[in-house]
Structure formats: structure tokens, C-alpha cells
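Residues per chain are reported as follows:
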Amino acid sequence: MTRDGNAKVNTGEDRSGGDGGRAAALKELMETGREQSASTIMFHTAVAASQGLNPTESKTLDLLRKHGPLTAKELVEHTGLAPASVTGLVDRLAAKGFVRRVKHATDKRRVVIELDRSRISELTAFFDDWARDVVRVCEDFDTEELRTVTRFLAATAELQRDAAARLSR
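Computed from a predicted structure; not experimentally measured. (Residues numbered from 1 in each chain as written. Predicted model: local features only at pLDDT ≥ 70, side-chain atom pairs only at ≥ 80, totals over all residues. Heavy atoms only, no water.)

Asks: Describe the overall build of the protein chain, listing the residues and the values that go with them.
Replies: Helix and strand content of the protein chain: six helices and two strands. Secondary structure elements in the protein chain, listed N-terminal to C-terminal, are α-α-α-α-β-β-α-α. In the protein chain, which comprises 169 residues, the share counted as buried stands at 20%. Long-range contacts, defined as pairs at least 24 residues apart, comprise 45% of the intrachain contacts of the protein chain with a sequence gap of at least 6. (Helix = DSSP H or I, 4+ residues; strand = E, 2+ residues; numbered from the N terminus. Buried < 20%, exposed > 50% of the residue type's maximum accessible area, 1.4 Å probe, protein only. Contact = heavy atoms within 4.5 Å.)

Quick look at the structure:
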């Protein structure tokens, strides 16, 4: 980390043979990534707060929406949070009426956390306008560019999950 809070990045050599263009592009990417991260956190914080949630609670609901009912252990794996943190998280979401603990469909010894779909529909409305705007922005990119962006975002999301898990140990 540099004195100004920026990460030191080994920029390597430009794939086209020079070194200045790649270094500048990586610097711009890192700065834009920080801006994107900040705006994402602010957006999700505002949406969550409008429903009496914190951002971690809101994103956990999104994981349950995406994957369906999960055990606490599976939530630990998906979030990178410590088991005790997940227990408290589920307790809060249950108390607010967003999730419930139910017996597993085939193994009655296990408990899964499932969404209360009626409460989630309230959150979904906040994302509809934003999703339409993103689709509009995507019109400026060809299919291959979108695939490149998707590959980059998937790779950095995995790095961030790993980093969160390391912090939770």
C-alpha cells in the first residue's frame, strides 16, 4: 500500500510491447474500481436502510434469492463470514421477518434458512430501475467486450470473497 492509500500494483509489461500504456491503464482501472466499489456500497446501503437492514443483511438476502434455502454452513461458505457472525445475521433477519429457519426437506436433522418471498418483493422494486439503466449502458458494448467485463468482475469477486474469508479467520 502506498502512502496515499493506493495499492502497489506490479503492472508488468504492456502486452503490445511497451510499458507506459499498460501501467496507465492499470492505474485507471484501479481508480475506477475504487469508485465503483464506493458507489456500490452507497447504493446497497441506501436500499438496505430503506428496509431497516444493513448492507450485509441485504446481500445475504440476495444470496438466498439466488441459491434458494441454505444452511448456516453454506451461508458461511458463500459469504466468507465467521460462523458466529452468520448465526447473528440469521437471527437478525428472522427477527425482522425476512427469513425463517425450517427443517431440511429430506434430512429433518438439518435446518435451512429460507426467504419470506413477500418481504423480498419490496426490495426487488429498488433494483428494477437500476437494472434497466445497466442494460442501457450495455448497449454501448459489443458482446465480446461484455464477456471480458464479466470475466474480470467474476475474477475480482472471487478474490474479494477469499479476502473476506481471510479476515474472518
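This is not the end of the story, as more comes after the structure.
Asks: Please give an account of the pattern of salt bridges that cites residues and values.
Replies: The final tally for this structure, using the stated rule, is 13 salt bridges. Two residues, Glu 57 and Arg 92, come together in a salt bridge whose shortest N-O distance is 2.7 Å. Placement of the pair is Glu 57 in helix α2 (residues 55-67) and Arg 92 in helix α4 (residues 83-95), with a sequence separation of 35 residues. Residue Arg 147 pairs with Glu 144 through a salt bridge whose shortest N-O separation is 3.8 Å. Residue Arg 147 and its partner Glu 144 are both found in helix α6 (residues 143-168); the two are separated by three residues, about one turn of the helix. Judged by relative accessible area, which is 54%, Arg 147 ranks as exposed. Taken together, the shared-partner salt bridges connect Glu 57, Arg 92 and Lys 96 into one network. (Salt bridge = Lys/Arg side-chain N within 4 Å of Asp/Glu carboxyl O.)

Asks: Give a description of the packing of helix α3 (residues 72-79) against α4 that names residues and reports values.
Replies: Closest axis-to-axis distance for the α3/α4 pair is 9 Å, and the angle between their directions is 110 degrees. Between α3 and α4, the interaxial angle falls into the category roughly perpendicular. Crossing of α3 against α4: the hand is right-handed. Residues Ala 72, Leu 75, Val 76 and Thr 79 of α3 form the contact with α4, whose participating residues are Pro 83, Val 86 and Val 90. Looking at the contact of α3 with α4 residue by residue, the class counts come to six nonpolar, one polar and no charged. (Axes fitted to C-alpha atoms, helices over the stretch in contact; angles between N-to-C directions. Parallel < 35°, antiparallel > 145°, perpendicular 65-115°, else oblique. Left-handed = near helix turned anticlockwise from the far one by under 90°. Nonpolar A, V, L, I, M, F, W, Y, C, P; charged D, E, K, R; others polar.)

Asks: Any details on the layout of surface pockets? Residues and values, ideally.
Replies: In this model, the second largest pocket occupies a volume close to 220 Å³. Lining of the second largest pocket is provided by His 44, Ser 58, Lys 59, Leu 61, Asp 62, Arg 65, Ile 120, Leu 123, Thr 124 and Phe 127. Elements that contribute at least two residues to the lining of the second largest pocket include exactly α2 and α5 (117-138). Counting residues per element, the lining of the second largest pocket draws most heavily on α2, which supplies five residues. Classifying every residue of the lining of the second largest pocket by side-chain character gives four nonpolar, three polar and three charged. (1 Å grid on protein atoms, 1.4 Å probe; cavity = no way out; pocket = protein on both sides within 12 Å on 5 of 7 lines; lining within 4 Å. Points joined across faces, edges and corners; volume = space filled by probe spheres on them.)

Asks: Give a description of the side chain of Thr 71 that names residues and reports values.
Replies: Structurally, Thr 71 is set in the loop between α2 and α3. If near-sequence neighbours (up to four positions away) are discounted, Thr 71 is found in contact with Arg 110, Val 111, Val 112 and Ile 113.

Asks: Describe the packing of α2 against α4, and please don't skip the residues or the numbers.
Replies: How two helices pack is summed up by the angle between their axes together with the distance between the axes. One can describe the packing of α2 onto α4 by two numbers: an axis separation of 10 Å at closest approach and a directional angle of 85 degrees. By the angle class used here, α2 and α4 are roughly perpendicular. Here α2 contributes Thr 56, Glu 57, Thr 60 and Leu 61 to the contact with α4, which in turn contributes Leu 89, Arg 92 and Leu 93. Looking at the contact of α2 with α4, its residues break down into three nonpolar, two polar and two charged.

Asks: Tell me about the confidence of the model for the protein chain, and please be specific about residues and values.
Replies: Of the residues in the protein chain, 88% reach a pLDDT of 70 or more, and the chain-wide mean stands at 86. Across the protein chain, α4 holds the top mean pLDDT of 95, while α5 sits lowest at 85. (pLDDT = per-residue confidence, 0-100.)

Asks: How would you sum up the environment of Arg 101? Please name residues and give values.
Replies: With respect to the helices and strands, Arg 101 occurs in strand β1 (residues 99-103). Judged by relative accessible area, which is 41%, Arg 101 ranks as partly exposed. Residues Arg 101 and Ile 113, twelve residues apart in the sequence, show an inter-C-alpha distance of 4.7 Å. Beyond its immediate chain neighbours, meaning those up to four positions away, Arg 101 contacts Thr 87, Val 90, Asp 91, Ala 94, Val 111, Val 112 and Ile 113. A distance of 2.5 Å separates polar atoms of two side chains, one belonging to Arg 101 and the other to Asp 91. (Polar contact = N/O pair within 3.5 Å; in protein donor to acceptor, adjacent residues only side chain to side chain.)

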